[in-house]
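# Summary of structural features
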Amino acid sequence: MSISNSSAVFRETLSIQGMTCASCVGRVEKALKKVDGVEQANVNLATEQAVVESSAPLDRAALVKAIERAGYDVVVAAPIELSIDGMTCASCVARVEKALKKVPGVQQANVNLATEQAWVEADTTVSADKLIQAIRKAGYDAQLQTTTTTEQADQKASEQQQLKRDLLISLVLAIPVFVLEMGSHLIPAFHMWVMHQIGQMPSWLLQFVLTTLVLLFPGRRFYQKGIPALLRFAPDMNSLVAVGTLAAYSFSVVATFMPQLLPEGTVNVYFEAAAVIVSLILLGRYFEAKAKGRTSQAIQHLIGMQPKTARIVRNGQSVEVPLAEVSSGMQVDIRPGERIPVDGEVLDGRSYVDESMISGEPLPVEKMAGSAVVGGTINQNGSLSIRATAVGADSVLAQIIRMVEQAQGSKLPIQALVDKVTMWFVPAVMLMAVLTFLVWLIFGPEPALTFGLVNAVAVLIIACPCAMGLATPTSIMVGTGRGAEMGILFRKGEALQLLQEAQVVAVDKTGTLTEGKPQLTDFHVQAGFEQTQLLSWVAAVEAKSEHPIAFAIVEAAQQQGLSLPAVSDFDSIVGSGVKGQVNGQWLHIGADRYMHQLGLSTTAFDQVAVRLGQEGKTPLYVAVEDQLAAIIAVADPIKDSTFAAIEALHQLGVKVAMITGDNRHTAEAIARQLKIDTVVAEVLPEGKVDSVRELQQQYGRLAFVGDGINDAPALAQADVGLAIGTGTDVAIEAADVVLMSGSLKGIPNAIALSQATIRNIRQNLFWAFVYNVALIPIAAGVLYPLWGILLSPMFAAGAMALSSVFVLGNALRLKRFAAPLQ
């Protein structure tokens, strides 16, 4: 909120869309003034902005809801993506988010420690510069994300190399310090050798020089970031390390050069603690950097699928050019075995293309003139000539990469608790370290000062909340990346959590459970009629109709190569059937009631009709003049993958509901066949949303599966919307999850992946919290009175590094996730 200088007035500015006249202005102002705390609301039609004033901070979300209830939209600019430097732990994440959310106009800010990025949703009044200034004020550096994923990977590799260099320097300097000091404590003979050959003071001086070099060079990163954060009263992980190592180092310097200042019996050095702590934490950081690099391998793999060049046809000749020079409409030639460089449509040639990168399906797909191809897929045995239809950021591969990156940068609801805890965690740890020091100093045995110092340093070092900050984002990164490899795109990270909570999966029948394309499945004729001839006659009459069933019959005749005779006097009898004259004879096609109207009995086909009904098919009858000639059935075939998918969903403990416009008898027959739990039949397209709401009330959390276009309202109403993609149309805005293959197998696979990812996150959080809760008291010395056990600051540093490595290693197990259905 911004406060004016004249008086304590809080102002919010909102950009509004949809206002067309003065009455709109009046409605918006009236709606805003009803919000608690609003004292003044001025809406300007020309600028399409509202300025709201109050004497106390306002809930911006309440203002937005009030405007939306009035029937207007608050304009939100495209999300701003920022790259952030200097974050090291969960408390850093919380501080950066808090700083961003304080910027007027910011509606949502998600900061990810694993990717070191921030996604900010704000209205049009917020610029990237304002956000960057807020982050810098919080003590971190930021810039607008302009680098490509490949460039980011190169930067991470460079940082990893720098860490490796600093780690090696630190180890070379710290190991002699450790050997000199700890060797003397642990091995009496070695202690005697040091005393006689080197001497105590020369040994301490050598340790002083080596440790100083460790802190000045490899360790300076902790002081450059940690001390300023401490001075801002916003301590982070670097502050803990800085205070802990400086305490050990300073005490040792005093003991070495001014021992008279210390109480008798407390003169000792802890140079090895400071040097080894820096080395171990750098070791942990290095392992973290390596593991973080592996978490983003899925995106790197996707990027690597795009060829660097393309062979275009220019002036009648095939010329190889950089991919950046290819534009939409160009003709591109692809040889056998090559990756297809851009999305396009086949102009000439015939081949099979491996599309597993987008669909997760292993079988290659046949391509011929008119077929769509996707950039990054592999042409197999034939040559193709294509017309480029989408290049660069518009390509399917670019959309997939963008979706995965957005999902990886998002924050799950489960993270809310972590954020609340970590915001106050580091200050609480520093307070606990001070209390530890004071308790040992006042109540501890001699040398109390030494005990107090060592235990306070151990508390500071062991409590770094790195593992807490990495627990959720690393699992999201690996889980969404593994999903992309399987053809499952999580458009929103929170869908990962909500999907595993789903109690029921609601499925639209046509095009989801079924092929979405009716086919002629049964054709039985009476004695005295020839099947092929009768089919050509029926197809000829149906060719005059616009009904989907008619298309299926005509297509069946064409597939058999039948020629269709001429038809005269065609007529459609509403609600019953069609008729027409073929070769001078009347042909009637329709339901049983139409036959009865003609005075014909259908008993000859009663057994066949019962069987068709049990299979969920609706029979149609054919009469030639006044004779019943045949019974036919047209049905939308069930996809091969449907049976296995529903069985897998049941094994996952999820119920299945089918929503369809079919009559209840047909719908229930299909449901019995597929073992579907609940049927919602005779639903008009506009009634799907109400059906979804009813199922939510009945079962709870619901995932809806549809084609992503006709089912957009139902997908939006569901807790999680899953769109069955076609492999080429992935930009489905209404869905939370896109299943690229069009196979229902993706549904149980997505739910199983969601369950595995959330289970992994819970394991990480449990380890991170329990680790701190269990080891902080031990570091403080609670075991000393009973068993004389103290935790050395060096072991504390090792344990701290190990906790982060454990969390990252556990998250990386998701890379081996095996889908229930292959």
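This one's a predicted model, so the numbers in the text were calculated from it and none came from an experiment.

### Some thoughts on the environment of Val177
The topology assignment puts Val177 in helix α5 (residues 149–186). Not counting residues up to four positions away in its chain, the partners in contact with Val177 are Gln207, Leu210, Thr211, Phe271 and Glu272.

### Some details on the pattern of salt bridges
Considering all chains together, one arrives at 13 salt bridges under this definition. In this structure, Lys367 and Glu355 form a salt bridge, with 2.9 Å as the shortest nitrogen-oxygen distance. Remark: Glu355 occurs in the loop between β14 (351–354) and α12 (356–359) and Lys367 occurs in strand β15 (residues 365–367); sequence separation between them is 12 residues. Members of the salt-bridge network, linked through shared partners, are Arg165, Asp166 and Arg221.

### Some details on helix α8 (residues 220–231)
Its 12 residues place the ends of α8 17 Å apart at the C-alpha level, agreeing with the 16 Å of an ideal helix rising 1.5 Å per residue. Where α8 ends, the next residue or the one after it, Phe233, has phi of about 60°, a positive value.

### Here's the deal with the sheet that holds strand β11 (residues 317–322)
Taken in spatial order, the six strands of this open sheet run β11-β10-β12-β18-β13-β16, and their pairing is antiparallel. The open sheet has two edge strands with one neighbour each: β11 and β16 (372–373). Relative to β11, strand β10 (residues 309–314) runs antiparallel, the two sharing six bridges. Looking at the pairing, Thr309 lines up with Pro322 of β11.

### Re the packing of aromatic side chains
Under the counting rule described, the total for this entry stands at 10 aromatic pairs. Here Phe208 and Phe257 contribute two aromatic rings whose centre-to-centre distance is 5.1 Å and whose plane-to-plane angle is 80°, an arrangement assigned as edge-to-face. With a gap of 49 residues between them, Phe208 in helix α7 (residues 200–216) and Phe257 in helix α9 (residues 237–257) connect regions that are remote in the sequence. Since its relative accessible area comes to 41%, Phe257 is described here as partly exposed. Three or more aromatic residues joined by ring pairs form one cluster here, namely Phe208, Tyr249, Phe257 and Phe271. The aromatic ring of Trp586 is capped on one face by Lys579, whose charged end is 5.2 Å from the ring centroid.

### Details of the packing of helix α19 (residues 531–542) against helix α20 (residues 548–559)
Interhelical geometry of α19 versus α20 gives an angle of 140° and a closest axis separation of 9 Å. As the angle between them shows, α19 and α20 are arranged oblique. Remark: the crossing between α19 and α20 carries left-handed chirality. Within the contact between the two elements, α19 uses Leu535, Val538, Ala539 and Glu542 and α20 uses Ala550, Ile553, Val554 and Ala557. Partitioned by chemical class, the residues of the contact of α19 with α20 number seven nonpolar, no polar and one charged.

### Some words on the environment of Glu501
If you trace the backbone, Glu501 turns up in the loop between α17 (494–500) and β20 (504–508). When its relative accessible area of 23% is taken as the criterion, Glu501 is described as partly exposed. Once the C-alpha coordinates of Glu501 and Ala703 are considered, the two residues, 202 residues apart in sequence, prove to be 9.3 Å apart.

Reading guide: rules and limits
- Residues numbered from 1 in each chain as written.
- Predicted model: local features only at pLDDT ≥ 70, side-chain atom pairs only at ≥ 80, totals over all residues.
- Heavy atoms only, no water.
- Helix = DSSP H or I, 4+ residues; strand = E, 2+ residues; numbered from the N terminus.
- Contact = heavy atoms within 4.5 Å.
- Salt bridge = Lys/Arg side-chain N within 4 Å of Asp/Glu carboxyl O.
- Expected span 1.5 Å × (residues − 1).
- Pairing = 2+ DSSP bridges.
- Phe/Tyr/Trp six-rings, centres within 6.5 Å; stacked < 30°, edge-to-face > 60°.
- Buried < 20%, exposed > 50% of the residue type's maximum accessible area, 1.4 Å probe, protein only.
- Lys NZ or Arg CZ within 6 Å of the ring centre and 35° of its normal.
- Axes fitted to C-alpha atoms, helices over the stretch in contact; angles between N-to-C directions.
- Parallel < 35°, antiparallel > 145°, perpendicular 65-115°, else oblique.
- Left-handed = near helix turned anticlockwise from the far one by under 90°.
- Nonpolar A, V, L, I, M, F, W, Y, C, P; charged D, E, K, R; others polar.

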